[in-house]
Amino acid sequence: MNGIISKSMQDKDVVSIVRDSEKRCILFASCYIMGVVGSACNYVVTPLIENMSENKTKVLPLRMWIKIVPYEETPYFEITYILQAFSVILTAATAFSFANFINTINLHTAGQFKIVQKRLQLTCTPRFDLKDRNPSQHAAEAHYKFKECVKQHKLLIWFMQEVENMCCYIILMQGIGSAVLICFSGFQLFLATETQLRKKLNVMLVSLSISELFMITWSSNDIIVQSLAIADAAYDADWHFLSYDKEGKALRIELVMLLVRAKRACYVTLGRFGPMSLETFKSVMTSAASYFTLLRSISDE
């Protein structure tokens, strides 16, 4: 590649990548928070609507299996209702907090990998016309820029290892919880004893669980894709135009080492059992469908 590549153009590319990551984070977070808040509000409001009907039995947001006190009598019913409403709101806040946290980390990390790719592609591209430059000086500058890209790549690898150590078991619990919620909420949709309001609430829960799982797996899969693309970006650099002096040969050797390392993708795992990716989303959905079919067959019998 020939031509003039200015630093301002590289900065514009970096800003564009960062802003794109921010927009996707805001979009995912806003949609998911509105869904979770709406589901929590429905959990609290639905029993109120049911209690206004002719049904004499008072309904709580959450079913009480252990009756220590008479929950249907005043003031036990009101106190229990308020406590359950607060527990639903706190559970919703906890649910969307971690999901948005890991999704934001994944999307911004994938954006940083894109920045490394862009800088690698421009590593050997001169900022001025090569006719006015010393080829040895150009090779030395390219070698320096290449080493800076390698440092940034190593920093991202270290960062992903830290995220893996911090979040892998939480992601495992999140995946198991999503599969269980999809299975049982979907099963309740087909129960004849459930009211129409409860069925609509279960539809919302199933949709939110699937959305949450897809959001995390998609952003995690983006890290895998972008980290593997480092090798393609390094190969696309104009290293073949460099001189064959000391600096040019050193860059070529280091380029081969980078290509070998970039074949190993960076990822977060489900409790260190396997990488979190869109394949994980497919596996969890398949497992949830299998459990759902099993529950339906047992219920029909």
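Look up a bit, the structure's there.
About the thresholds
- Here, residues in each chain are numbered from 1, in the same order as that chain's written sequence.
- pLDDT decides what is reported in this predicted model: residues at 70 or higher carry local features, side-chain atom pairs at 80 or more are listed and counted, and totals for whole chains, interfaces and linings draw on all residues regardless.
- Calculated side-chain values reflect all of the structure's heavy atoms, with hydrogen atoms and water omitted.
- Salt bridge, as used here: a side-chain nitrogen of Lys or Arg that lies within 4 Å of a carboxyl oxygen of Asp or Glu.
- Helix and strand labels come from DSSP, where a helix needs a run of H or I of at least four residues and a strand needs a run of E of at least two; each type is numbered from the N terminus.
- Residues qualify for a patch when their relative accessible area is over 30% and they have no salt bridge, like charges being joined within 9 Å and the nonpolar side chains of Val, Leu, Ile, Met, Phe, Trp and Tyr within 5 Å.
- In this description, accessible areas are obtained by the Shrake-Rupley approach with a 1.4 Å probe, and a residue is regarded as covered only by the protein chains that are shown.
- Buried, partly exposed and exposed residues are distinguished by accessible area as a fraction of the type maximum, computed with a 1.4 Å probe on protein chains only: under 20%, between the cut-offs, and over 50%, respectively.
- The criterion used for residue contact is that any of the two residues' heavy atoms lie within 4.5 Å.
- Between N-to-C directions, angles cover 0 to 180 degrees, with each direction set by a line fitted to C-alpha atoms, over the stretch in contact for helices.
- Orientation labels follow simple angle bins: below 35 degrees gives roughly parallel, above 145 gives roughly antiparallel, 65 to 115 gives roughly perpendicular, and whatever is left gives oblique.
- Crossings are assigned a handedness: left-handed for a near helix turned anticlockwise from the far helix by less than a right angle, right-handed for a clockwise turn.
- Put simply, buried Ala, Val, Leu, Ile, Met, Phe, Trp, Tyr and Cys residues joined by side-chain atoms within 4.5 Å make one nonpolar core.
- Any helix carries an expected span of 1.5 Å times its number of residues minus one.
- The angle between axes fitted to the seven residues ending at a residue and the seven residues starting there is what we call the bend at that residue.
- For Phe, Tyr and Trp, rings pair up if their centres lie within 6.5 Å, where Trp contributes its six-membered ring, and each pair is then called stacked (planes under 30 degrees apart), edge-to-face (over 60) or tilted (otherwise).
- Amino acids outside the nonpolar list (Ala, Val, Leu, Ile, Met, Phe, Trp, Tyr, Cys, Pro) and the charged list (Asp, Glu, Lys, Arg) are all regarded as polar, and Gly is one of them.

Before going further, it helps to examine the pattern of salt bridges. When the charged atoms of two side chains lie near each other, side chains of opposite charge can form a pair. Within the structure shown, the criterion is met by six salt bridges. Across the pair Glu279 and Lys282 runs a salt bridge, and its minimum N-O distance is 3.3 Å. Placement of both Glu279 and Lys282 in helix 6 (residues 278–300) is noted, with a separation of three residues, approximately one turn of the helix. When salt bridges with common partners are traced through the structure, they connect Asp20, Arg24 and Asp222 into a single cluster.

With that settled, the discussion passes to a nonpolar patch on the surface. Among the surface-exposed residues, Met173, Ile176, Val180 and Phe184 lie close enough to one another that they form a single nonpolar patch of about 380 Å² accessible area. In this fold, Val180 is placed in helix 3 (residues 135–188).

The next subject is the environment of Ile17. Mapped onto the elements, Ile17 comes out in helix 1 (residues 7–51). Accessibility expressed as a relative area gives 16% for Ile17, which makes it buried. Considered as a pair, Ile17 and Ala110 are 93 residues apart in the sequence and their alpha carbons are 9.7 Å apart. The residues touching Ile17, leaving out its near neighbours within four places in the chain, are Gly111, Lys114 and Ile115.

Following the sequence through the fold, Gln84 ends up in helix 2 (residues 76–121). Those residues in contact with Gln84, other than ones at most four positions away along the chain, are Leu60, Pro61, Leu62 and Met64.

Our next topic: the packing of helix 4 (residues 196–236) against helix 5 (residues 246–262). Contact geometry for helix 4 and helix 5: axes closest at 8 Å, N-to-C directions at 155 degrees. The angle between helix 4 and helix 5 falls in the class roughly antiparallel. Crossing handedness for the pair helix 4 and helix 5: left-handed. In contact with Ser227, Leu228, Ile230, Ala231, Ala234 and Tyr235 of helix 4, helix 5 contributes Leu255, Leu258, Leu259 and Ala262.

Next up on the list: the nonpolar core. Grouped together as the largest cluster of nonpolar side chains are 53 residues, with contacts concentrated most on Tyr32, Ile102, Leu120, Ile171, Ile230 and Met276. Of all the secondary-structure elements, those providing two or more residues to this core are helix 1, helix 2, helix 3, helix 4, helix 5 and helix 6. Counting residues per element, this core draws most heavily on helix 2, which supplies 14 residues.

All right, on to unusual backbone geometry then. Glycine aside, a negative phi is what most residues show, and trans is what most peptide bonds show. For Arg272, which is not glycine, the phi torsion reads 65 degrees and is therefore positive. Here Arg272 shows up in the loop between helix 5 and helix 6. Judged by relative accessible area, Arg272 falls into the partly exposed class, the value being 44%.

Attention shifts here to the environment of Ala110. By the element assignment, Ala110 lies in helix 2. Separated by 94 residues in sequence, Ala110 and Met204 have C-alpha atoms that sit 30 Å apart. The residues touching Ala110, leaving out its near neighbours within four places in the chain, are Asp222, Ile223 and Gln226.

Between the first and last C-alpha of helix 4 there are 58 Å, a value that for 41 residues agrees with the 60 Å anticipated at 1.5 Å per step. Along its length, helix 4 reaches its greatest deviation from straightness, about 30 degrees, at Ile230.

Right, let's talk about the packing of aromatic side chains for a bit. Under the definition given, this model contains four aromatic pairs. Note on Phe214 and Phe281: the rings are 5.5 Å apart at their centroids and 70 degrees apart in plane angle, and the pair reads as edge-to-face. One end of the pair, Phe214, is in helix 4; the other, Phe281, is in helix 6, with 67 residues separating them in the sequence. According to the relative accessible area criterion, Phe214 is partly exposed, its value standing at 36%. The buried category is assigned to Phe281, whose relative accessible area is 18%. Ring geometry for Tyr235 against Trp239: centres 6.0 Å apart, planes inclined by 55 degrees, an arrangement best described as tilted. The class of Trp239 is partly exposed, set by a relative accessible area of 22%.

Turning our eyes to something else, we now look at the environment of Glu254. Looking at the secondary structure, you find Glu254 in helix 5. For the pair Glu254 and Val268, spaced 14 residues apart in sequence, the C-alpha separation works out to 27 Å. Setting aside residues up to four positions removed in sequence, Glu254 forms contacts with His143, Phe146 and Lys147.

Attention now moves to the packing of helix 2 against helix 3. Contact pair helix 2 / helix 3: the axes reach a minimum separation of 11 Å and the direction vectors enclose 160 degrees. The pairing of helix 2 with helix 3 is recorded here as roughly antiparallel in orientation. Seen from above, helix 2 lies across helix 3 with left-handed handedness. Tallied by class, residues from the contact of helix 2 with helix 3 come to 20 nonpolar, five polar and one charged.

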